[in-house]
Amino acid sequence: MNASSPLQVAPAAGTTEGYNFGYLDEQTKRMIRRALLKAVAIPGYQVPFGSREMPLPYGWGTGGIQVTASVIGPADVLKVIDQGADDTTNAVSIRKFFNRVAGVRTTEKTSAATIIQTRHRVPETPLAENQILVYQVPIPEPLRWLEAREAETRRMHALAEYGAMRVNLYEEVARYGRIAKGYDYPVEVNGRYIMSPSPIPKFDNPKLDNNPALQLFGAGRERRIYAIPPYTKVKSLDFEDYPFTVERWAQACALCGATDSFLDEVIVDDQGARVFVCSDTDYCEDRRKQGFRGAAPDALAATASGAS
Amino acid sequence: MTALTIPTAAGLAEPALASQRVFRQALEAMARPGTVVGTEIVLAPPAPLSRAAGALILTLADFETLVWFDRAAQSAADYVRFHTGAPLAAQTADAAFAIVADSTNLPPLTAFALGTDEYPDRSTSLIVEVESIAGTGPLMLSGPGILGRRPLGVHGLAPDFWHQWRTNHRAFPRGVDVFLTAGARFVALPRTTTVET
Ligand SMILES: [Zn+2]
């Protein structure tokens, strides 16, 4: 957009004067926005885009940051989670980054956020229609472990030629009695594309299915964007004789007593004592505020936080 | 709400805000097909371009995207090119975006870029001006982005459009995606949407 663009906006009350917009230049944002629209129109298909160099190492989630930067506006409230926690160095830095370059409000509450950027978890609190979940993706290609050549995986997606992958998964079942893959467990989107859900535990896979929120995936190093529209069928790959199952724990969360959340094992003292606590810190705190208590509600007092 | 008039010397901040807002509506529209959104963007594109069509093309096009104009939309071509730097597409099949002001003379959807099996994203996004759009009406939409079914009413499309749309839908993952625009309102139809007439 050149400086003489007639595109104007009637600002909402309280818009900060001199609002500085989200780090990326307009041309880069437009390119990513076009890719996002095509990604939504072709659920589960990886749209290539020209990634721009970000002032962060790739492991930081540059793909997710670029997607967030292209989507976010002054009315948004941003939440950033890393392994379920809002208070890791990564999550705090990304929130600060957007607060600085886009002036947006941030939150740790899942229900208060309009955009949630995540690495490795889907929040336990169900998402709503007004929310966008942005996943940081290290390896977008679900067939890469099977086939190293990009031209070949692209051809496999083009022809929906997923037989080899299913055979491979089945061999794993035959060997281990179950599908060993606990993270980044592949899904089929809208009955067509096989997609990597990013390294979330397969515990989270069912949350991708028929979700009211829009789910966007950004891979910075490989320059791919893909999406799952709201209310879209997402199926974890499985077999008739080996149906898909998620992790279960014998314990409840030691802090809040939850039996329906993904638990992390945490060492709580120098004697090596361990407890299981919710990986989703906001969910756990919310439950405790509501009065729920686990078997050892003070277990983490010494470590100050549920982050593993 | 008061409209903010920005002198051209004010720089990029406000166009950036405006395009963010328009894009977010376009994303919402594409993610929830059949949802009628209204842009509050202050814009006065030359006839026959509607405010919604103008806002969409100014937000999404630039020097990297070829734009095709139907004969009725030719009078807006200079405006769009001036503000976006987008080159003209000589053929419908070359276009990243197509602006169709006379929807009753819409070229066959198959004349536009449908993408390839390997790159279905390399397809035309159409912006088609219609007489009116309503969130109620005889059309029944279903598919990704829609919980159950969503009604839609559109006036001003050629009678065979929905027949063509079925063909477009069946070509998935190839196909075009469409924005229908009327005044300040627009609605999106991604190729995944099934439309019962
Ligand atoms: Zn808990």
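This write-up is about the structure you can find in this document. (Residues numbered from 1 in each chain as written. Chains lettered and ligands numbered in written order. Predicted model: local features only at pLDDT ≥ 70, side-chain atom pairs only at ≥ 80, totals over all residues. Heavy atoms only, no water.)

As for the overall build of chain B
Point 1. Along chain B, the regular secondary structure elements total four helices and nine strands.
Point 2. Walking chain B from its N terminus toward its C terminus, one meets helices and strands in the order α-β-α-β-α-β-β-β-β-α-β-β-β.
Point 3. Rg of the C-alpha trace for chain B: 16 Å, near the compact-globule value of 16 Å for 197 residues, within the 12% margin.
Point 4. With respect to the principal axes defined by its C-alpha atoms, chain B has extents near 50 × 40 × 30 Å.
Point 5. Scored against the burial criterion, the 197 residues of chain B give a buried share of 57%.
Point 6. Put simply, 64% of the contacts in chain B that link residues at least 6 apart link residues at least 24 apart.
Point 7. Charge centroids of chain B, computed over 14 positive and 17 negative side chains, lie 6 Å from each other. (Helix = DSSP H or I, 4+ residues; strand = E, 2+ residues; numbered from the N terminus. Rg over C-alpha atoms; globule rule 2.2 N^0.38 Å. Buried < 20%, exposed > 50% of the residue type's maximum accessible area, 1.4 Å probe, protein only. Contact = heavy atoms within 4.5 Å. Lys, Arg positive; Asp, Glu negative; His and termini not counted. Charge placed at Lys NZ, Arg CZ, Asp CG, Glu CD.)

Focus: the sheet that holds strand β5 (residues 132-136) of chain A
All names here are of chain A.
Point 1. Pairing is mixed in the open sheet, where seven strands are placed in the order β1-β9-β8-β5-β4-β2-β3. On the outer flanks of this sheet lie β1 (47-48) and β3 (105-106), each paired with one strand and no other.
Point 2. Packed on one face of the sheet, helix α3 (residues 89-102) meets β2 (77-82), β3, β4 (115-119) and β5 and runs near 155° to β2. (Pairing = 2+ DSSP bridges. Axes fitted to C-alpha atoms, helices over the stretch in contact; angles between N-to-C directions.)

Section: the sheet that holds strand β6 (residues 150-155) of chain B
All names here are of chain B.
Point 1. As summarised here, the arrangement of the three strands in space is β6-β5-β9, forming an open sheet in which the pairing is antiparallel. Only two strands of the sheet have a single neighbouring strand rather than two, namely β6 and β9 (194-196). Each strand of the sheet is rotated relative to its neighbour by a mean of 65°, with strand direction disregarded.
Point 2. Note that strand β5 (residues 132-142) and β6 share six bridges and pair antiparallel. Looking at β6, one finds that Leu-139 is bridged to Leu-152.
Point 3. Seen against the sheet, helix α4 (residues 161-170) touches β5, β6 and β9 and runs at an angle of roughly 150° to β9.

Let's talk about the coordination of the zinc ion
Residue and element names in this part refer to chain A.
Point 1. Every protein donor of the zinc ion is listed here as Cys-253 (SG), Cys-256 (SG), Cys-278 (SG) and Cys-284 (SG), and their distances to the metal cover 2.3 Å.
Point 2. One way to put it: the four donor atoms around the zinc ion meet at angles of 105 to 117°, and that makes the site tetrahedral.
Point 3. Every donor residue of the zinc ion comes from the same chain, spaced as C-x2-C-x21-C-x5-C. With Cys-253 in the loop between β10 (234-236) and β11 (263-267) and Cys-278 in strand β12 (residues 274-278), this pair connects stretches of sequence that are 25 residues apart. Summarising the burial analysis for this pair, Cys-253 and Cys-278 share the class buried. (Donors = N, O, S within 2.8 Å, 3.2 Å for Na, K, Ca; no water. Tetrahedral: all angles 85-135°; square planar, octahedral: opposite > 155°, others 65-115°.)

Observations regarding the packing of helix α2 (residues 62-71) of chain A against α3(A)
Describing two packed helices takes the angle between their axes plus the distance from one axis to the other.
Residues and elements named next belong to chain A.
Point 1. Between α2 and α3, the shortest axis-to-axis distance is 12 Å and the interhelical angle comes to 30°. Classified by the angle between their axes, α2 and α3 sit roughly parallel to one another. In the packing of α2 onto α3, the handedness of the crossing is right-handed. Within the contact between the two elements, α2 uses Ile-65, Thr-68 and Ala-69 and α3 uses Ile-94, Phe-97 and Phe-98.
Point 2. Its residues placed into classes, the contact of α2 with α3 shows five nonpolar, one polar and no charged. (Parallel < 35°, antiparallel > 145°, perpendicular 65-115°, else oblique. Left-handed = near helix turned anticlockwise from the far one by under 90°. Nonpolar A, V, L, I, M, F, W, Y, C, P; charged D, E, K, R; others polar.)

Considering unusual backbone geometry
Point 1. Each neighbour pair has its own omega, and for Ala47(B) with Pro48(B) the value is 5°, a cis peptide bond.
Point 2. Summarising the element assignment, Pro48(B) is placed in the loop between β1 (37-38) and α2 (51-60).
Point 3. In this model, Gln83(A) sits at a positive phi of 55°, which is unusual for a non-glycine residue.
Point 4. Its place among the elements puts Gln83(A) in the loop between β2 and α3.
Point 5. In this structure, Arg223(A) takes a positive phi of about 55° despite not being glycine.
Point 6. If you trace the backbone, Arg223(A) turns up in the loop between β8 (214-219) and β9 (224-228).

Here's the deal with the environment of Gln27(A)
Point 1. Position of Gln27(A) among the secondary structure elements: in helix α1 (residues 26-41).
Point 2. When sequence neighbours within four positions are dropped, the list of residues in contact with Gln27(A) reads Arg34(A), Asp62(B), Phe63(B) and Glu64(B).
Point 3. A polar atom in the side chain of Gln27(A) sits 2.9 Å from the side chain of Glu64(B). (Polar contact = N/O pair within 3.5 Å; in protein donor to acceptor, adjacent residues only side chain to side chain.)

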